[in-house]
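# Coordinate inspection notes
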Amino acid sequence: MCSLVGDDRVTRHLSFDSRDRDQARELLAGILERAKQQPRTEYYLAVTPKDDDQLVGFARLAFAGVQSAQLGYAIAHDQQRRGYATDAVRTMLDFAFGPLGRHRVSAAIGPENVASLAVIERVGFTREGVLRHHVFTNGAWRDSVLFSILVDEWAPHAG
């Protein structure tokens, strides 16, 4: 986990600054604790290579509003551009619109994150607009481009 949330090349695109090893442990402990809560308000997916259990990324769905969820994800810098993010996003959308019964999923992407913008558009999200000064990270305010996809716009992933 620290190789993801502790790498500035990864976190520069996230909504929080890089974490040191102790902060990464605290983050993981919080994720595990919240996973025990009933009802749950978020779900995480560990991203690993097909035939390996090495963590190369994660995806998160957080409930937001009535039948809505916010999607976020991160892939280790040296594992990017291998399809992991696209597969993780499709998997989370299958989960959100299937078992979780969500109606809408949104994603807020930094405007300079060209690769992530391409992933979101590739899987069928619609651009809604720009959230100005949406997150404070790396010592400055950053805009986010807001995207969403609705249940009737999603075709379940076939594996």
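It should be noted that the structure appears before, not after, this text.
Report on the accompanying structure. Note that the coordinates shown come from a computational prediction; the quantities given were computed from them, not determined experimentally. (Residues numbered from 1 in each chain as written. Predicted model: local features only at pLDDT ≥ 70, side-chain atom pairs only at ≥ 80, totals over all residues. Heavy atoms only, no water.)

### Quick look at the packing of aromatic side chains
All told, the structure shown has 4 aromatic pairs when counted by the stated rule. Taken together, a centroid distance of 6.0 Å and an interplanar angle of 45° make the contact between tyrosine 43 and phenylalanine 63 tilted. With tyrosine 43 in strand β1 (residues 42-47) and phenylalanine 63 in strand β2 (residues 57-63), the pair connects residues that are 20 residues apart, well separated along the chain. Overall, tyrosine 43 belongs to the buried group, its relative accessible area being 17%. The exposure class of phenylalanine 63 is partly exposed, given its relative accessible area of 27%. Here tyrosine 43 and phenylalanine 95 contribute two aromatic rings whose centre-to-centre distance is 5.1 Å and whose plane-to-plane angle is 80°, an arrangement assigned as edge-to-face. Of this pair, tyrosine 43 sits in strand β1 while phenylalanine 95 sits in helix α4 (residues 84-97); the two residues are 52 residues apart in sequence, bridging distant segments of the chain. Since its relative accessible area comes to 27%, phenylalanine 95 is described here as partly exposed. Taken together, the ring pairs in this structure connect Tyr43, Phe63 and Phe95 into an aromatic cluster. Over the ring of phenylalanine 63 we find arginine 102, and its NZ or CZ is 3.9 Å from the ring centre. (Phe/Tyr/Trp six-rings, centres within 6.5 Å; stacked < 30°, edge-to-face > 60°. Helix = DSSP H or I, 4+ residues; strand = E, 2+ residues; numbered from the N terminus. Buried < 20%, exposed > 50% of the residue type's maximum accessible area, 1.4 Å probe, protein only. Lys NZ or Arg CZ within 6 Å of the ring centre and 35° of its normal.)

### Some details on the sheet that holds strand β4 (residues 104-109)
The 6 strands lie next to each other as β1-β2-β3-β4-β6-β5, forming an open sheet whose pairing is mixed. Looking at strand neighbours, the two that pair on one side only are β1 and β5 (126-137), the edges of this open sheet. When the angles between neighbouring strand axes are averaged without regard to direction, this sheet yields 25°. In this structure, strand β3 (residues 68-75) lies alongside β4, joined through 4 bridges in parallel fashion. The residue bridging leucine 71 from the neighbouring strand is alanine 107, located in β4. (Pairing = 2+ DSSP bridges. Axes fitted to C-alpha atoms, helices over the stretch in contact; angles between N-to-C directions.)

### Focus on unusual backbone geometry
For the bond running from glutamine 38 to proline 39, omega is -5°, close enough to zero to count as cis. Looking at the secondary structure, you find proline 39 in the loop between α3 (21-35) and β1. Of note, the phi angle at glutamine 67 is positive, near 55°, even though the residue is not glycine. Its place among the elements puts glutamine 67 in the loop between β2 and β3. Glutamine 67 gets classed as partly exposed once you look at its relative accessible area, which sits at 43%. A positive phi is found at arginine 81, a non-glycine position, where the angle reads about 70°.

### Description of the side chain of serine 106
Mapped onto the elements of the fold, serine 106 is located in strand β4. We classify serine 106 as buried; its relative accessible area is 8%. Sequence-distant contacts of serine 106, that is, excluding residues within four places in its chain, are made with Ala69, Gln70, Leu71, Phe125, Leu146, Phe147 and Ser148. (Contact = heavy atoms within 4.5 Å.)

### With respect to the nonpolar core
Ranked by size, the top nonpolar core spans 30 residues in total, and within it Leu71, Tyr73, Leu93, Val105 and Phe125 carry the most contacts. Ranked by the residues each element gives to this core, the list is headed by α4, at 8 residues. (Core = buried A, V, L, I, M, F, W, Y, C linked by side-chain atoms within 4.5 Å.)

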